[in-house]
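One letter stands for each residue in the lines below.
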Amino acid sequence: MSLPRSKTPRGAASPAPSHKSYGRVSNSPAPEGKSDGTFWEKVGTLGRKKKAQEVQQVEVEGKHAIDSPGMPKSAEVPPEEYLLEENEERSMIEPKSYENPKLKDLISILIEWVNDELHSDRIIVQDVEEDLYDGQVLQKLLEKLTGEKLAVPEVTQSEEGQRNKLRIVLGVANRILGLQRHQARWSVESVHTKNIVSILHLLVALARHFRAPIRLPENVVVDVVIVTKREGVLTHRVIAEELTSFYDDVGMRCERDAFDTLFDHAPDKLQVVKKSLVTFVNKHLNKINLEVTDLDSQFADGVYLCLLSGLLEGYFVPLYDFHLTPQSFDEKVANVSLAFELMMDGGLPQPKARPEDIVNLDLKSTLRVLYNLFTKYKHLS
């Protein structure tokens, strides 16, 4: 919030505190040759120093509030400092939640994804609050994801112009996501006031809908402080806000499985499972003189998955059907997608993992796919 600044000229002494019982403290210089003043002059000097420090502190807090009016991250600016209209409500992430490693990971992954999408436009996002609130980056991101040009001005400097652009951009996003305005967890007001919770909800929804080649951290929950003004009084409450949950490949919530338990609670048993799966896949890949030594990475390009899927069904996948030495990310995704199709042709259900997860070296996804093959074909010699 904006705070009044002292009008005292730089270097001038501030008035000393008034104490009725002590009388007025003189500001006149001490007589020449007098090395130390009276006791009360010393008290006056201490009072002036303390007053100057208080003024400086108020100015610093005021500047901080002016520079970041929408979403202050520091606990130095408490919720009471918000300037709210009657019945207005604002929210902010509780400062301690910014230390949550999962939240840091989520923000970092989303920023990297947006930058990857917009690299051809020479757009670099560094801060989701400061760089996305005016709608410019969101416009470019939607245009890249949909392949359609949005009918909005390219650059808008005024606050009203930014809000109008956001209204159009968010309307397009809601339509693509199949949401009514009241269903969306973001709004023109919340995004424009740099509400990081709303912005993250929007980015997560877009990433899930467009099947971004990223792995979002699961079950990211943060504490959110909600400040409301009722009858002139500011009140606040703290709620737990879920930014991500557990998802399957189409963005729906899914139940935790045995691999979640292994990763979280039994890493020693996880090594046993990996060893068993390596033995299984090598029993079949050895037939064509191939061998897996690193389960974490050797299936990421999709080549071994394609060949293994064919071998388990008793046929050899022609080498021209897939990229034998894939170089790009898209070529690797195409290989894994073909392997998934071959698995489903053999009677397996659609894998819960996404091809992008396998290419991105997500070990849990790779193990799930291989374990499904093991379950169906473990009896083969």
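Parameters and conventions
- Residues numbered from 1 in each chain as written.
- Predicted model: local features only at pLDDT ≥ 70, side-chain atom pairs only at ≥ 80, totals over all residues.
- Heavy atoms only, no water.
- Helix = DSSP H or I, 4+ residues; strand = E, 2+ residues; numbered from the N terminus.
- Buried < 20%, exposed > 50% of the residue type's maximum accessible area, 1.4 Å probe, protein only.
- Contact = heavy atoms within 4.5 Å.
- Areas by Shrake-Rupley, 256 points an atom, 1.4 Å probe, with all protein chains shown as cover.
- Core = buried A, V, L, I, M, F, W, Y, C linked by side-chain atoms within 4.5 Å.
- Pairing = 2+ DSSP bridges.
- Expected span 1.5 Å × (residues − 1).
- Polar contact = N/O pair within 3.5 Å; in protein donor to acceptor, adjacent residues only side chain to side chain.

## Some details on the overall build of the protein
- Across its full length, the protein carries 13 helices and three strands.
- The burial tally for the protein puts 42% of its 381 residues in the buried class.
- In the protein, 61% of the contacts between residues at least 6 apart in sequence involve partners at least 24 apart.
- For the protein, the exposed area adds up to about 22200 Å²; of that, 52% sits on carbon and sulfur atoms.

## Remarks on the nonpolar core
- Counting 50 residues, the largest nonpolar core has Leu103, Leu110, Trp113 and Leu203 as the members making the most contacts within it.
- Those elements that place two or more of their residues in this core are helix H2 (101-117), helix H3 (128-132), helix H4 (136-146), helix H5 (159-177), helix H6 (188-192), helix H7 (196-209) and strand E2 (221-230).
- With nine residues, H7 is the single largest residue contributor to this core.
- Ranked by size, the runner-up nonpolar core spans 36 residues in total, among them Phe280, Phe340, Leu363 and Val369.

## A short note on the pairing of E2
- Summarising the sheet, strand E1 (residues 89-93) and E2 pair through five bridges and their orientation is antiparallel. When the bridges of E2 are listed, Ile93 appears paired with Val224.

## Here we look at the environment of Val220
- Position of Val220 relative to the elements: it lies in the loop between H7 and E2.
- Here the alpha-carbon distance between Val220 and Asp105, two residues 115 residues apart in the chain, equals 9.5 Å.
- For Val220, the residues in contact, after removing those within four places along its chain, are Lys102, Leu103, Leu106, Glu241, Glu242, Leu243 and Thr244.

## Quick look at H7
- Taking 1.5 Å per residue as the helical rise, H7 with its 14 residues ought to reach 20 Å, and the 20 Å between its terminal C-alpha atoms agrees with that figure.
- The buried count for H7 comes to 12 of 14 residues, which makes it a mostly enclosed element.
- Taken residue by residue, H7 has Ile196, Val197, Ser198, Ile199, Leu200, His201, Leu202, Leu203, Val204, Leu206, Ala207 and Arg208 as its buried positions.
- The N-cap of H7, judged by a side-chain oxygen 3.0 Å from the amide nitrogen of Val197 a few residues on, is Asn195.
- One or two steps after H7, the chain reaches Arg211, where phi turns positive at roughly 50°.

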